[in-house]
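Chain by chain, the residues:
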Amino acid sequence: MLVVKNLMVFFENALALNDFSMEVREGEIVGVIGSNSAGKTTLMNSLSGLIIDMRVKELRKGGERITVYGEILYNGEDIVEVKPSDRVKKGIVLSRERHPVFPESSVLENLKIAGYLKKREEVRGAISSVFELFPALEDLKNRKAGFLSGGEQQMLAIGMALVVGPRLLLLDEPLLGLSPLVQKAVVDAIVRLRDEGSITVVLSEQFARPVLPVIDRGYIIENGMLTLTGSGAELMENPEIKSAYFGV
Ligand SMILES: Nc1ncnc2c1ncn2[C@@H]1O[C@H](COP(=O)(O)OP(=O)(O)O)[C@@H](O)[C@H]1O
Ligand SMILES: [Mg+2]
């Protein structure tokens, strides 16, 4: 479904992604695991196309020069220069890090805003699927998003991405700042999306522990470079991973 070949991203002369390659097959949950500043967000922004908008914006205000090299093939088509809005039309939808929601709008309004480009009946159907996935959100549908807990906001942010109608869902650090219990609820929902919603997922994460058991394959990234890859099970057995991420 997705093939990334030798991706390089520079912010001026700083190399954020260095010759990074990966592959995502239809129906998989693929994890990108790396510490802070490893390049996870840069990768997610490259896959979603947000990096193109950033590049244009920086160019316009005479800011830093952003350069992208390499290939991103989506169902065989090179999309490196495709705008994010056109990638959304192809089914590539990103839920950004730190769950940005509209704090002054209610849960329901946020979900409707996410579906502003879609037909009303489609949005209604999508919102009821979101409530099926996250029943807690339905009980809170009239609450202002700014008053939700971190976990509820993350569920809402994922819900908003789902309303857009992804085939390939990109989740940038969806577990950031959540308690282990809430992390588990979010991870379980991601697994259900793959199993019941036939959505392919790429998620990034700092901590391997909550995601390695459920990902089909994982890529370990350090300083913008791929250092290890394998199935979730293989990575869990890997001694380097064990010492770096599990402290054993
Ligand atoms: N807009 C930017 N301008 C300059 N450097 C950036 C920018 N965004 C990210 N970087 C740098 O790129 C590297 C990767 O960052 P990032 O992709 O945000 O990592 P992660 O999401 O894994 O924490 C870091 O060294 C970071 O400082
Ligand atoms: Mg990040």
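Residues numbered from 1 in each chain as written. Chains lettered and ligands numbered in written order. Predicted model: local features only at pLDDT ≥ 70, side-chain atom pairs only at ≥ 80, totals over all residues. Heavy atoms only, no water.

A. Representation of the pattern of salt bridges. Applying the stated criterion across every chain yields a total of 14 salt bridges. Close ionic contact of Arg25 with Glu23 constitutes a salt bridge, the shortest N to O distance being 3.6 Å. On the basis of relative accessibility, which here comes to 34%, the residue Glu23 falls in the partly exposed class. Here Glu173 and Lys40 are joined by a salt bridge, their closest N and O atoms 3.6 Å apart. Taken as a pair, Glu173 in the loop between β7 (168-171) and α8 (180-197) and Lys40 in helix α1 (residues 40-48) lie far apart in primary sequence, 133 residues in all. Residue class for Glu173 comes out buried when judged on its relative accessible area of 4%. With a relative accessible area of 3%, Lys40 lands in the buried category. Sharing partners across several salt bridges, the network here consists of Glu23, Arg25, Glu28 and Arg217. (Salt bridge = Lys/Arg side-chain N within 4 Å of Asp/Glu carboxyl O. Buried < 20%, exposed > 50% of the residue type's maximum accessible area, 1.4 Å probe, protein only. Helix = DSSP H or I, 4+ residues; strand = E, 2+ residues; numbered from the N terminus.)

B. Structural context of the coordination of the magnesium ion (ligand 2). Distances from the magnesium ion (ligand 2) to its protein donors, Thr41 (OG1) and Glu97 (OE), fall at 1.9 to 2.5 Å. Note that Thr41 is positioned in helix α1 and Glu97 in the loop between β6 (92-95) and α4 (107-114), a separation of 56 residues in sequence. For Glu97, a relative accessible area of 27% gives the class partly exposed. (Donors = N, O, S within 2.8 Å, 3.2 Å for Na, K, Ca; no water.)

C. Representation of the packing of aromatic side chains in the model. Following the criterion strictly, the structure yields 2 aromatic pairs and no others. A ring pair is formed by Phe10 and Tyr69, whose centres lie 6.1 Å apart and whose planes are at 85 degrees; its orientation type is edge-to-face. On the criterion of sequence distance, the pair formed by Phe10 in strand β1 (residues 2-11) and Tyr69 in strand β4 (residues 66-74) is long-range, its members being 59 residues apart. Here Tyr69 falls in the partly exposed class, since its relative accessible area comes to 47%. (Phe/Tyr/Trp six-rings, centres within 6.5 Å; stacked < 30°, edge-to-face > 60°.)

D. Geometry of unusual backbone geometry. If you check the backbone angles, Asn6 has positive phi at about 50 degrees while not being a glycine. Topologically, Asn6 is positioned in strand β1. Residue Asn6 is classed as partly exposed on the basis of its relative accessible area of 40%. Located in the positive-phi region is Glu12, a residue other than glycine, with phi close to 55 degrees.

E. Looking closely at the side chain of Ser46. Secondary-structure assignment places Ser46 in helix α1. Taking relative accessible area as the criterion, Ser46 reaches 1% and is therefore assigned buried. A distance of 2.7 Å separates the side chain of Ser46 from the backbone oxygen of Thr42, its partner in a polar contact. (Polar contact = N/O pair within 3.5 Å; in protein donor to acceptor, adjacent residues only side chain to side chain.)

F. Representation of helix α7 (residues 150-164) in the model. Compared with an ideal rise of 1.5 Å per residue, which puts 15 residues at 21 Å, α7 spans 22 Å between its outermost C-alpha atoms and is within 8% of the ideal. Among the 15 residues that make up α7, 12 are buried, leaving the element largely enclosed by the rest of the structure. Taken together, the buried positions of α7 are occupied by Gly151, Gln153, Gln154, Met155, Leu156, Ala157, Ile158, Gly159, Met160, Ala161, Leu162 and Val163. Tucked into the core, α7 has its buried residues touching β6, α4, α5 (120-133), α6 (135-139), β7 and α8. At the C-terminal side of α7, Gly165 shows a positive phi close to 90 degrees. (Expected span 1.5 Å × (residues − 1). Contact = heavy atoms within 4.5 Å.)

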